[in-house]
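# An overview of the molecular structure
Below, each chain spelled out in residue letters.
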Amino acid sequence: MGSLQPVHSVDRRTLEMACAIVTCLTAVTMVFGPSVVLDPVDVPDVVWIGGAVIAPGLLGLSVVIDAVGHLIRLGAGLVGIDGWHQPGDTAVTRIASSLLVGWLGASVLVFAVVTLSALAAPVGGVFFGPVITSLLGSVLGVLVFVHTLVSRQFPDSLVSRMRAPPLEQTLGT
């Protein structure tokens, strides 16, 4: 009898980056190749729906989960629950970026859900839903790229790198 191999899970950040890449590529194709979008003979509908609606929706969901987790950690710190706080959670830039990206992620998620429901209904003529979802998702994808690059370049946070060292370290006392 063969042994079962362990199943390796996919990291949420990896899935987020994959969705960002698919979303950005779909948006570029929609903007610079309108003949492909308007006459999709060669490309099945499943690919367009996946790239223009489902990938941005998953990206938006992942970003919203991250923003809600940050909000929960901030709330836990305010009420005195220890152990949930992460370094940099209370930085103004982290809070502002979490709010901005979380709002954009929620908007992309709403557009994706509405577009999928409109595509599932037999109404026809749904063109702008996937376009808007893909374009907003590509903006979110670019923000995810930038965030990933900055967080990998400066793992202990960009703000702490930009601060001057304490005066005691500078004077050597």
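What you see is a predicted model, and the numbers here were worked out from it, not measured in a lab. (Residues numbered from 1 in each chain as written. Predicted model: local features only at pLDDT ≥ 70, side-chain atom pairs only at ≥ 80, totals over all residues. Heavy atoms only, no water.)

### Looking at the packing of helix H1 (residues 12-32) against helix H5 (residues 128-153)
To keep it simple, the criterion reads: The axes are straight lines fitted to the C-alpha atoms, using for helices just the contacting stretch, and the angles between their N-to-C directions are given from 0 to 180°. Each helix is a run of H or I in the DSSP string that is no shorter than four residues. Each strand is a run of E no shorter than two, and both are numbered from the N terminus. These descriptions rest on fixed angle ranges, namely under 35 degrees for roughly parallel, over 145 for roughly antiparallel, 65 to 115 for roughly perpendicular, and the rest for oblique. Each crossing is labelled by how the near helix is turned from the far one, with a counterclockwise turn of less than a right angle marking it left-handed and a clockwise turn marking it right-handed. Here, residues are in contact when the closest pair of their heavy atoms is within 4.5 Å.
The geometry of H1 relative to H5 is characterised by a closest axis approach of 8 Å and an angle of 135 degrees between their N-to-C directions. In this view, H1 runs oblique relative to H5, as classed from their interaxial angle. With respect to the hand of their crossing, H1 and H5 are arranged in left-handed fashion. Residue-level contacts link Glu16, Met17, Ala20, Ile21, Thr23, Cys24, Thr26, Ala27, Met30 and Val31 of H1 to Pro130, Val131, Ser134, Leu135, Gly137, Ser138, Gly141, Val142, Val144, Phe145 and Thr148 of H5.

### Some remarks on helix H4 (residues 92-120)
Keep this limit in mind: Each residue after the first adds 1.5 Å to the expected span of a helix. Relative accessibility under 20% of the residue-type maximum defines a buried residue, over 50% an exposed one, and the middle range a partly exposed one, all with a 1.4 Å probe and only protein chains included.
Across its 29 residues, H4 extends 42 Å between first and last C-alpha, which sits within 8% of the 42 Å expected from 1.5 Å per residue. What H4 keeps buried is the set Ser98, Gly102, Leu104, Gly105, Ser107, Val108, Ala112 and Thr115.

### Remarks on the pattern of salt bridges
Note the cut-off: Salt-bridge detection follows one rule: a side-chain nitrogen of Lys or Arg within 4 Å of a carboxyl oxygen of Asp or Glu.
Taken as a whole and assessed by the stated rule, the structure comprises two salt bridges. Arg13 is paired through a salt bridge with Glu16; the nearest N and O atoms lie 3.2 Å apart. Here the residue Arg13 and the residue Glu16 both occupy positions in helix H1, the gap between them amounting to three residues, near one helical turn. A relative accessible area of 29% places Arg13 in the partly exposed class.

### A short note on the nonpolar core
The following threshold applies: Among the buried residues, those of types Ala, Val, Leu, Ile, Met, Phe, Trp, Tyr and Cys that are joined through side-chain atoms within 4.5 Å form a nonpolar core.
Listed in full, the 10 residues of the largest apolar core are Met17, Cys19, Ala20, Ala55, Leu59, Val63, Leu104, Val108, Leu140 and Val144. When sequence neighbours within four positions are dropped, the list of residues in contact with Leu59 reads Glu16, Cys19, Ala20, Gly137, Leu140, Gly141 and Val144. Listed in part, the six residues of the second largest apolar core include Met30, Ala52, Val53 and Ala112.

### Focus on the side chain of Arg73
Note on placement: Arg73 falls in helix H3 (residues 45-79). On the basis of relative accessible area, Arg73 is assigned to the buried category, the value being 14%.

### Some words on a nonpolar patch on the surface
This is how the line gets drawn: Put simply, a patch holds well-exposed residues, over 30% relative accessible area, that have no salt bridge, with like charges counted together within 9 Å and Val, Leu, Ile, Met, Phe, Trp or Tyr side chains within 5 Å. Surface accessibility in these figures is a Shrake-Rupley result with a 1.4 Å probe; residues are shielded only by whichever protein chains are displayed.
A contiguous nonpolar surface patch, about 460 Å² in accessible area, is contributed by Ile54, Leu58, Leu61, Ile65, Leu116 and Leu119. Among the secondary structure elements, those contributing two or more residues to the nonpolar patch are H3 and H4. Here the nonpolar patch takes four residues from H3, the largest share from any one element. Examined against the element boundaries, Leu119 turns out to sit in helix H4. Residue class for Leu119 comes out partly exposed when judged on its relative accessible area of 33%.

### Quick notes on the side chain of Glu16
Overall, Glu16 belongs to the buried group, its relative accessible area being 4%. Excluding its chain neighbours within four sequence positions, the residues that come into contact with Glu16 are Leu59, Ser62, Val63 and Val144.

### Let's talk about H1
Spanning 21 residues, H1 covers 30 Å between terminal C-alpha atoms, matching the ideal 30 Å at 1.5 Å per step. When we look at burial in H1, the residues that qualify are Glu16, Met17, Cys19, Ala20, Thr23, Cys24, Thr26, Ala27 and Met30.

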